[in-house]
Amino acid sequence: MTGITIALSKGRIFDETLPLLAAAGIVPAENPETSRKLIIETNQPDVRVVIVRATDVPTYVQYGAADIGVAGKDVLIEHGGEGLYAPLDLKIAKCRMMVAIPEGFDYQNAVRQGNRLKVASKYIKTAREHFAAKGVHVDLIKLYGSMELAPLAGLADAIVDLVSTGGTLKANKLVACEHIMDISSRLVVNQAALKVKRETLQPIIDAFAQAVEK
């Protein structure tokens, strides 16, 4: 593909990226929530947006199928960031990575006693590093969704997941008990594209940076 390709995921990240795109003079022609198209043209003839899963944004950028993209810090940590330049924290799609447990479960006592805990998460790398740093022994169980179900069904003692308002946890009688890190979305850039297309890409990066600082 010629021109500039921007990888975005549907939902909150797309919606919160729109003002940043506008600051760079880029307006998508359609909304992915109402369009079935996966490649969306913009008001700029040489700029297009590709709609991919949030977890796939770094891969598209890494391999050059997209020149730039927007991905959460959580996704970037799990991906590893190889081949990516991440110059900007866009300060959008903010949430927290937390350990959550069923109401009534004495997590701190289990940790103190050296119990081996079963922990379910989509974020295996983050969870592994967190518990290793604390010296907590865990068996990690990889899940892809409905994380809150794992403790309720007896699959896990705890989960590691993103928490925004905490409403979903509360509805499922879970409580956040440990903060791992704050999460927000980053601009990621293909390093080769930045060299070859710097004249086109740099103004977009600069416009994003200025919009974030306002």
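Since this is a predicted model, take the numbers as computed values, not measurements.

About the thresholds
Residues numbered from 1 in each chain as written. Predicted model: local features only at pLDDT ≥ 70, side-chain atom pairs only at ≥ 80, totals over all residues. Heavy atoms only, no water. UniProt positions renumbered as here; feature names shortened; annotations may be inferred. Helix = DSSP H or I, 4+ residues; strand = E, 2+ residues; numbered from the N terminus. Buried < 20%, exposed > 50% of the residue type's maximum accessible area, 1.4 Å probe, protein only. Pairing = 2+ DSSP bridges. Right-handed = clockwise from strand over helix to strand, strands pointing away. Core = buried A, V, L, I, M, F, W, Y, C linked by side-chain atoms within 4.5 Å. Contact = heavy atoms within 4.5 Å. Axes fitted to C-alpha atoms, helices over the stretch in contact; angles between N-to-C directions.

Caption draft 1: A look at the UniProt feature "domain: ATP phosphoribosyltransferase catalytic" (unreviewed entry) in the protein. Sites flagged by UniProt as "domain: ATP phosphoribosyltransferase catalytic" (unreviewed entry) map to residues 53–208. For residues 53–208, the helix share is 36%, the strand share is 33%, and the end-to-end C-alpha distance is 22 Å.

Caption draft 2: Spatial organisation of the pairing of strand β7 (residues 117–121). Within β7, four of the five residues are buried, which leaves it mostly tucked inside the rest of the structure. Pairing between β7 and strand β8 (residues 138–142): five bridges, direction parallel. Directly across from K118, in β8, lies its bridge partner D139. Once the chain exits β7 it traverses helix α5 (residues 124–134) before rejoining the sheet at β8, and the crossover so formed is right-handed. In this sheet, strand β9 (residues 158–163) lies alongside β7 in parallel orientation, the contact comprising three bridges. Looking at the pairing, V119 lines up with A158 of β9.

Caption draft 3: Examining the nonpolar core more closely. Membership of the largest hydrophobic core comes to 27 residues, with the highest contact counts inside it found for I6, L90, L187 and F208. Only β1 (4–8), α1 (12–23), β3 (47–51), β4 (68–72), β11 (185–190), α8 (191–196) and α9 (198–213) provide two or more residues apiece to this core. It is α9 that provides the largest number of residues to this core, a total of five residues. Setting aside residues up to four positions removed in sequence, L90 forms contacts with L20, V70, S185, R186, L187, F208 and V212. Core analysis: the next-biggest nonpolar cluster, separate from the first, contains 18 residues, M97, V119, A127 and M181 among them.

Caption draft 4: Inspection of the side chain of H130 at higher detail. Position of H130 relative to the elements: it lies in helix α5. Leaving out residues up to four positions away in the same chain, H130 has contacts with V99, E178, H179 and I180.

Caption draft 5: Spatial organisation of the sheet that holds β8. Ordered by their spatial adjacency, five strands build an open sheet running β8-β7-β9-β6-β10, and the pairing between neighbours is mixed. Unpaired on one side and paired on the other, β8 and β10 (174–183) mark the two borders of the sheet. Strand-to-strand twist in this sheet, taken as the mean axis angle between neighbours without regard to direction, amounts to 30 degrees. Relative to β9, strand β6 (residues 95–102) runs antiparallel, the two sharing five bridges. Bridged to M97 within β9 is L162. This element, α5, spans β6, β7, β8, β9 and β10 of the sheet and lies at about 100 degrees to β10.

Caption draft 6: Just the environment of T55, in detail. Position of T55 relative to the elements: it lies in the loop between β3 and α2 (57–62). On the accessibility criterion, T55 (42% relative accessible area) is partly exposed. Distance from T55 to E33, taken between C-alpha atoms, is 18 Å for residues 22 residues apart in sequence.

Caption draft 7: Inspection of the sheet that holds strand β5 (residues 84–89) at higher detail. Spatially, six strands are ordered β2-β3-β1-β4-β11-β5 in an open sheet, and the strand pairing comes out mixed. Unpaired on one side and paired on the other, β2 (39–41) and β5 mark the two borders of the sheet. When the angles between neighbouring strand axes are averaged without regard to direction, this sheet yields 30 degrees. Relative to β11, β4 runs antiparallel, the two sharing five bridges. When the bridges of β11 are listed, I68 appears paired with V189. Lying on the sheet, α1 is in contact with β1, β3, β4 and β11; it crosses β1 at an angle near 145 degrees. The strands touched by α9 within the sheet are β1, β4, β5 and β11, with β5 carrying the most contacts at an inclination of about 30 degrees.

Caption draft 8: Quick look at the side chain of S185. By the secondary structure assignment, S185 is in strand β11. Here S185 falls in the buried class, since its relative accessible area comes to 1%. Each residue touching S185, except ones within four places of it in the same chain, is listed here: I13, V70, A71, G72, L88, D89, L90, K91, I92 and A93.

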